[in-house]
Amino acid sequence: MGQMINIDFGNSYTKVGVRTDGNELSTPLSDNVLEFDDGLNICIPTLAARVLRKGKEHWVYGSEILEIGNSQGVEVLRNWKPNFFNGSSTPLKGIPQAKIPAFATMKKLSESELQHFMDSLNLNEKQRAALEDLKNGEDEPDPGQTDLDTKEIGLKYFRWLRAFLEGICTRRGIDLRKTPTRINLPSFGAKTTAEDLLIEILSEAGWKIAPNHPALPEPVANAIGVFSEGRNILWRPKRTEDQFPDYPGMFGTNEFIKAARKRFESRYNQRMYWVLVVDLGGYTLDIAMVGFDLEEIDIPLNGKYQGKQRLATLSEKIGIRALDDKVKSILPEEKQKLIDELLQDPDPRRVEAFHRFLYQRGRPFHISRQLIGQKEEGEAIQEVVSNFAHECAKHVEDFITMHQYTRIDDVVMTGGGCNIPQVRDAIVGLLQGYRLKNAYVPALAAEEKNLPPKCQRLKPLLVRGATAIGGTSVFFDYNGE
Ligand SMILES: Nc1ncnc2c1ncn2[C@@H]1O[C@H](COP(=O)(O)OP(=O)(O)OP(=O)(O)O)[C@@H](O)[C@H]1O
Ligand SMILES: [Mg+2]
């Protein structure tokens, strides 16, 4: 139970968690460059820039891009994470993403549950057939091929990241080359070719791949980060045959989860306590539902309670990047160009300011002396943000409906996107109908005026760092080392 590294490979920012020892607290690595969210500086831009100078090409990455300045011959590559996942899942073409349940979930549904689920979604014949195929088929949906360029960028970026973090790790007593490493990926249901490719890339880039769960679903790592807050304890499976269970099986014998159950137990007189963890990032909306059984402390989460899964997860392809596109589409061409230029700026703080002004505060923003989002234009942008927020809430609602949850006791909202008050309000508003008791929301969203009832401030470390620290948890080690 030694050291562990976990890379939360976010589309906008990469956050890296480390565990220096099984008895110590896991913490995110700080690069001392960019400060967001109450002085935290754990966000490493997921950027690569090709710089052409005097006929020679060289590459710059991550936080170091800030130093190159916005001069000619600089091409900033951002938003390349989705390239790993952009293939089509052939049998399910034509069905909106929100309506496709996770592959693993699909496999577990009984025939009557499947019928009930399809009835509730009003699918047409073709869509029903596609879903039945998925349930009965042997193969996971194919996410498609990733082109060579994406692999090249990934290789370059992860090589740089390793070199960049080496010094920071050494100062923490961690030898990066020898420390097992995990990466977090969206929970699109299947064990994707993207997963294999990213593991291959990490390995080629000189990272030591963790023997257990080298690729963890983002919502699961996030939920564990939220509940454990980075705490580790020495834990081993009780029996040797437990050595390689499914990760949900781990919940039953885990001290964090026992502790979390205890916390809820003393407060509420109910058997089940349902907590929803929602993360809105640059690329995906990640959802995890965890049902804590307060009567049977040791019961694993891979089962069901009254037909409802004790642990369910889902990622949807909707994030701040998609919101940028939606906002751009209602603006005149010249302003679209200005935003494109802004997105090409090697200093990510400009994009951050743009998002904070327009989306969080609802204020206009200057680019090259042009004001974006004034008066009617501002109102139109707010409407786009509002529609986007409701779209996110609709995905949460579809997830709840798919799993037939009827009560959500707490919601924990993480990720940069949950700083946006409209997103917070749409999701908290929806959950009021599910007898919500507490909503833990990011500080920025918690400080806004007109906060919906039941909202409390979530620790800043968890807003951006929960996935990174969650993935390093001893929770996911069970090779009995
Ligand atoms: N206060 C804020 N207001 C509006 N947007 C914000 C705010 N804070 C952060 N964001 C935006 O949230 C996004 C980053 O969030 P986060 O770091 O959670 O994403 P990510 O982990 O990189 O993406 P993903 O997990 O989807 O791959 C960025 O686009 C950022 O500009
Ligand atoms: Mg993220």
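**Points about the packing of aromatic side chains**
If you walk through the whole model with that rule in mind, you get 19 aromatic pairs. Here the aromatic rings of phenylalanine 9 and tryptophan 80 are separated by 5.5 Å at their centres, their planes lie at 45°, and the arrangement is tilted. Of this pair, phenylalanine 9 sits in strand 1 (residues 4-9) while tryptophan 80 sits in the loop between strand 7 (74-77) and helix 1 (103-108); the two residues are 71 residues apart in sequence, bridging distant segments of the chain. With a centroid separation of 6.1 Å and 35° between ring planes, the pair formed by phenylalanine 85 and tyrosine 283 is classed as tilted. Taken together, the positions of phenylalanine 85 in the loop between strand 7 and helix 1 and tyrosine 283 in the loop between strand 11 (272-280) and strand 12 (285-293) put the pair 198 residues apart, joining distant regions of the chain. Note on phenylalanine 85: relative accessible area 3%, which makes it buried. Looking at tyrosine 283, the relative accessible area reads 9%, which means it is buried. Site record: aromatic cluster; members linked through ring pairs are Phe9, Trp59, Tyr61, Trp80, Phe84, Tyr157, Phe158, Trp160 and Phe164. Lysine 317 extends its terminal NZ or CZ atom over the ring of phenylalanine 188, reaching a point 5.1 Å from the ring centre.

**Things to note about the site of ligand 1**
Close to ligand 1 lie 24 residues, the nearest being Asn11, Lys15, Tyr283, His355 and Gln360. Serine 12 has a polar backbone atom sitting 2.8 Å from an oxygen atom of ligand 1. Within the side chain of glutamate 352, one N or O atom sits 3.0 Å away from an oxygen atom of ligand 1. For ligand 1, whose free accessible area comes to 650 Å², the fraction covered by protein is 98%. With respect to the detected pockets, ligand 1 is housed in the largest cavity. Of all elements in the fold, only strand 2 (13-19) and helix 10 (348-361) reach the threshold of two or more residues within the shell around ligand 1. Considering each element in turn, the shell around ligand 1 owes the most residues, four residues, to helix 10. Here the shell around ligand 1 is composed, by residue class, of six nonpolar, twelve polar and six charged. Domain assignment of the residues forming the shell around ligand 1 places at least three in each of domain 2 (258-320 + 393-470) and domain 3 (321-383).

**Digging into the pattern of salt bridges**
The final tally for this structure, using the stated rule, is 24 salt bridges. In this structure, lysine 151 engages glutamate 200 in a salt bridge whose closest nitrogen and oxygen atoms are separated by 2.7 Å. Taken together, the residues span a long stretch of sequence, with lysine 151 in helix 4 (residues 148-171) and glutamate 200 in helix 5 (residues 193-204) at a distance of 49 residues. Within the structure, one salt-bridge network assembled from shared partners comprises Arg19, Arg182 and Asp477.

**Quick word on the confidence of the model for the protein**
The predicted model of the protein has a mean per-residue pLDDT of 84, with 81% of residues at 70 or higher. Overall, residues 141-148 carries pLDDT values under 50, and its contacts beyond four positions in sequence, including any with other chains, amount to 20 contacts. The low-confidence segment residues 239-253 (pLDDT under 50) makes 41 contacts with residues lying over four places distant or belonging to another chain.

**Some details on empty space enclosed by the protein**
Counted by the stated rule, this structure contains three cavities of 30 Å³ or more. Quantified by volume, the largest cavity comes out at close to 670 Å³. The wall of the largest cavity is formed by 45 residues, among which Ser12, Tyr13, Gly281, Gly282 and Arg464 lie closest to the centre. Elements that contribute at least two residues to the lining of the largest cavity include exactly strand 2, helix 6 (218-228), strand 11, helix 8 (320-329), helix 10 and helix 14 (460-470). Among the elements that make up the lining of the largest cavity, the one with the highest residue count is helix 10 (seven residues). In terms of residue class, the lining of the largest cavity is built from 16 nonpolar, 17 polar and twelve charged. Each of domain 2 (258-320 + 393-470) and domain 3 (321-383) gives at least three residues to the lining of the largest cavity.

**Description of the packing of helix 9 (residues 333-343) against helix 10**
Running from N to C, helix 9 and helix 10 cross one another at 135°; their axes reach a closest spacing of 8 Å. Of the possible angle classes, the one that applies to helix 9 and helix 10 is oblique. Between helix 9 and helix 10, the residues in contact are Ile339, Leu342 and Leu343 and Arg350, Val351 and Phe354, respectively. Across the contact of helix 9 with helix 10, the residue classes tally to five nonpolar, no polar and one charged.

**Overview of helix 9**
Turning to helix 9, its buried residues number three or more, namely Lys335, Leu338, Ile339, Leu342 and Leu343. Projected down its long axis, helix 9 carries its buried residues within an arc of 140°, all on one side. Of the exposed residues in helix 9, those oriented more than 90 degrees away from the buried face are Glu333 and Lys337. Structurally, helix 9 contributes buried residues whose contacts are with helix 8, helix 10, strand 16 (365-367), strand 17 (370-372) and helix 11 (375-403).

**Structural notes on the sheet that holds strand 15 (residues 311-316)**
Strand pairing in a sheet relies on backbone hydrogen bonds, with the paired strands running either antiparallel or parallel. One open sheet accounts for six strands, arranged 15-12-11-18-19-20; its pairing is mixed. In the strand order of this sheet, the two ends are held by strand 15 and strand 20 (455-457), each with one partner. Pairwise comparison of adjacent strand axes, ignoring direction, gives a mean angle of 15° for this sheet. Pairing of strand 18 (residues 410-414) with strand 19 (residues 438-441) involves three bridges; the strand directions are parallel. If you follow aspartate 410 over to strand 19, its bridge partner there is asparagine 438. This element, helix 11, spans strand 11, strand 12 and strand 15 of the sheet and lies at about 40° to strand 12.

Reading the values: the criteria
Residues numbered from 1 in each chain as written. Chains lettered and ligands numbered in written order. Predicted model: local features only at pLDDT ≥ 70, side-chain atom pairs only at ≥ 80, totals over all residues. Heavy atoms only, no water. Phe/Tyr/Trp six-rings, centres within 6.5 Å; stacked < 30°, edge-to-face > 60°. Helix = DSSP H or I, 4+ residues; strand = E, 2+ residues; numbered from the N terminus. Buried < 20%, exposed > 50% of the residue type's maximum accessible area, 1.4 Å probe, protein only. Lys NZ or Arg CZ within 6 Å of the ring centre and 35° of its normal. Near = heavy atom within 4 Å. Polar contact = N/O pair within 3.5 Å; in protein donor to acceptor, adjacent residues only side chain to side chain. Areas by Shrake-Rupley, 256 points an atom, 1.4 Å probe, with all protein chains shown as cover. 1 Å grid on protein atoms, 1.4 Å probe; cavity = no way out; pocket = protein on both sides within 12 Å on 5 of 7 lines; lining within 4 Å. Sits in = over half its atoms within 2 Å of the grid points. Nonpolar A, V, L, I, M, F, W, Y, C, P; charged D, E, K, R; others polar. Domains from an automatic or database assignment. Salt bridge = Lys/Arg side-chain N within 4 Å of Asp/Glu carboxyl O. pLDDT = per-residue confidence, 0-100. Contact = heavy atoms within 4.5 Å. Points joined across faces, edges and corners; volume = space filled by probe spheres on them. Axes fitted to C-alpha atoms, helices over the stretch in contact; angles between N-to-C directions. Parallel < 35°, antiparallel > 145°, perpendicular 65-115°, else oblique. Arc of directions from axis to C-beta. Pairing = 2+ DSSP bridges.

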